[in-house]
Amino acid sequence: DCLARYGGEEFALILPHTNQDGAIAIVEQVRAAIAMLDIHHPAPQASGRLTLSYGIATVMPTPNMTPQDLIALADRALYRAKQTGRDRYVVADSDASPDNLRT
């Protein structure tokens with residue numbers, strides 16, 4: 001497992017042997033831990049405390065798939081989470097294109 005900064009305000013949590021249910025469980029644990037820290041966030045659009053949004057993508061690699069495909073799935077799911085209210089996760093369908101997401 002690996003946690004790495006990806007871009008300015010984004011992080012990637014790479015869990016190579018974790019299925020979708022496991023990824024969701026880990027995200028819920030991280031969300032709970034962040035909430036317990038109760039970190040003040042002064043931005044006007046914030047809820048008053050620091051929260052995170054998550055884009056979850058799990059795939060079984062195929063010869064036609066690139067790492068960029070997985071990143072695109074996770075990235076679109078992340079932005080959908082931000083657009084629908086923040087402090088939540090959105091799961092990208094693992095057998096779909098980056099355009100097909102479910103919440």
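Let's shift gears to the overall build of the protein chain. Secondary structure summary: the protein chain contains two helices and five strands in total. Each helix and strand of the protein chain, ordered N terminal to C terminal, gives the series β-β-α-β-α-β-β. Looking at the 103 residues of the protein chain, the share that counts as buried comes to 19%. Summarising the internal contacts of the protein chain: among those between residues at least 6 apart in sequence, 46% fall at separations of at least 24. Carbon and sulfur atoms make up 55% of the accessible area of the protein chain, which amounts to about 7200 Å² in all.

Bringing helix α2 (residues 67-83) into the picture now. Between its first and last C-alpha atoms α2 spans 25 Å; for 17 residues at 1.5 Å apiece the expected length is 24 Å, and the two agree. Here α2 has its buried residues at Leu73, Ala77, Leu78 and Ala81. Taken around the axis of α2, the buried residues stretch over an arc of 130 degrees, which confines them to a single face. In α2, the exposed positions angled more than 90 degrees off the buried face are occupied by Gln68 and Gln83. Just downstream of α2, glycine 85 is the residue with a positive phi angle, here 130 degrees.

Before going further, it helps to examine the layout of surface pockets. Volume-wise, the largest pocket comes out at about 1700 Å³. Of all the secondary structure elements, the ones that give two or more residues to the lining of the largest pocket are β2 (11-14), α1 (20-37), β3 (54-57) and α2. Per element, the largest residue contribution to the lining of the largest pocket is seven residues, and it comes from α2. Partitioned by chemical class, the residues of the lining of the largest pocket number 27 nonpolar, eleven polar and six charged.

Take the environment of arginine 31 next. Within the secondary structure, arginine 31 is located in helix α1. Residue classification places arginine 31 among the partly exposed positions, given a relative accessible area of 22%. C-alpha separation for the pair arginine 31 and tyrosine 54, spaced 23 residues apart in sequence, amounts to 9.4 Å. Sequence-distant contacts of arginine 31, defined by excluding residues within four places in its chain, comprise Tyr54, Asp87, Arg88 and Tyr89.

So, on to the nonpolar core. Ala23, Ile24, Val27, Tyr54, Ile56 and Val91 form the largest nonpolar core, which has six residues in total. Counting residues per element, the ones that place at least two in this core are α1 and β3. It is α1 that contributes the most residues to this core, three residues altogether. Those residues in contact with isoleucine 56, other than ones at most four positions away along the chain, are Ala23, Ile24, Val27, Ala77, Tyr89, Val90, Val91 and Ala92. Of all hydrophobic cores here, the second largest spans five residues; its members include Leu73, Ala81, Val90 and Ala92.

Reading guide: rules and limits
- Residues numbered from 1 in each chain as written.
- Predicted model: local features only at pLDDT ≥ 70, side-chain atom pairs only at ≥ 80, totals over all residues.
- Heavy atoms only, no water.
- Helix = DSSP H or I, 4+ residues; strand = E, 2+ residues; numbered from the N terminus.
- Buried < 20%, exposed > 50% of the residue type's maximum accessible area, 1.4 Å probe, protein only.
- Contact = heavy atoms within 4.5 Å.
- Areas by Shrake-Rupley, 256 points an atom, 1.4 Å probe, with all protein chains shown as cover.
- Expected span 1.5 Å × (residues − 1).
- Arc of directions from axis to C-beta.
- 1 Å grid on protein atoms, 1.4 Å probe; cavity = no way out; pocket = protein on both sides within 12 Å on 5 of 7 lines; lining within 4 Å.
- Points joined across faces, edges and corners; volume = space filled by probe spheres on them.
- Nonpolar A, V, L, I, M, F, W, Y, C, P; charged D, E, K, R; others polar.
- Core = buried A, V, L, I, M, F, W, Y, C linked by side-chain atoms within 4.5 Å.

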